[in-house]
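Coordinate analysis (summary)
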Amino acid sequence: MEMHHVDLGMGYTPSDWPDDYVAWDLSELLAAVPERLESPADRRSFMAWLAGRGPLDASTALSPW
C-alpha cells in the first residue's frame, strides 16, 4: 500500500515511507532484479554498479512486472 500511496500523486513521496517498510520491501525488490534484467550485459552493469565498481549504464532497464 505504501508504494501505491506514492502512485496517487497526492504529495506522499518515497521520503515518507516508514523505515520498517523500506527494510522489508527493498530486499524483496532487489531479489527480483536478476529476472527483470533481460540481457547478460544489463546484469553485469547492474552488478558492477551495486558493488560500487562503476556507474550504471544509462541503457540498463528492468523489464515490466
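Up top you'll find the structure we're talking about.
Residues numbered from 1 in each chain as written. Predicted model: local features only at pLDDT ≥ 70, side-chain atom pairs only at ≥ 80, totals over all residues. Heavy atoms only, no water.

Residue position: Arg-36 is located in helix H2 (residues 19-36). Here Arg-36 is buried and forms no salt bridge, its nearest opposite-charge partner Glu-35 lying at an N-O distance of 7.0 Å. Those residues in contact with Arg-36, other than ones at most four positions away along the chain, are Ala-61, Leu-62, Ser-63, Pro-64 and Trp-65. (Helix = DSSP H or I, 4+ residues; strand = E, 2+ residues; numbered from the N terminus. Buried < 20%, exposed > 50% of the residue type's maximum accessible area, 1.4 Å probe, protein only. Lys, Arg positive; Asp, Glu negative; His and termini not counted. Salt bridge = Lys/Arg side-chain N within 4 Å of Asp/Glu carboxyl O. Contact = heavy atoms within 4.5 Å.)

As enumerated under the stated definition, the model contains 3 aromatic pairs in all. Relative to Tyr-21, the ring of Trp-17 lies with its centre 5.5 Å away and its plane at 75°, an arrangement referred to as edge-to-face. Ring geometry for Tyr-21 versus Trp-24: centroids 6.2 Å apart, planes at 45°, classification tilted. Pair noted here: Tyr-21 and Trp-24 are both in helix H2, with a separation of 3 residues, about one helical turn. Look at Tyr-21 and you get buried, because its relative accessible area is 13%. (Phe/Tyr/Trp six-rings, centres within 6.5 Å; stacked < 30°, edge-to-face > 60°.)

Taken together, the side chains of Val-22, Leu-26, Leu-30, Trp-49, Leu-50 and Leu-56 present a nonpolar region at the surface, about 510 Å² in accessible area. For the nonpolar patch, the elements supplying multiple residues, two or more each, are H2 and helix H3 (40-50). Ranked by the residues each element gives to the nonpolar patch, the list is headed by H2, at 3 residues. Among the secondary structure elements, Leu-50 is positioned in helix H3. According to the relative accessible area criterion, Leu-50 is exposed, its value standing at 52%. (Patch = residues over 30% accessible without salt bridge, like charges linked within 9 Å, V, L, I, M, F, W, Y side chains within 5 Å. Areas by Shrake-Rupley, 256 points an atom, 1.4 Å probe, with all protein chains shown as cover.)

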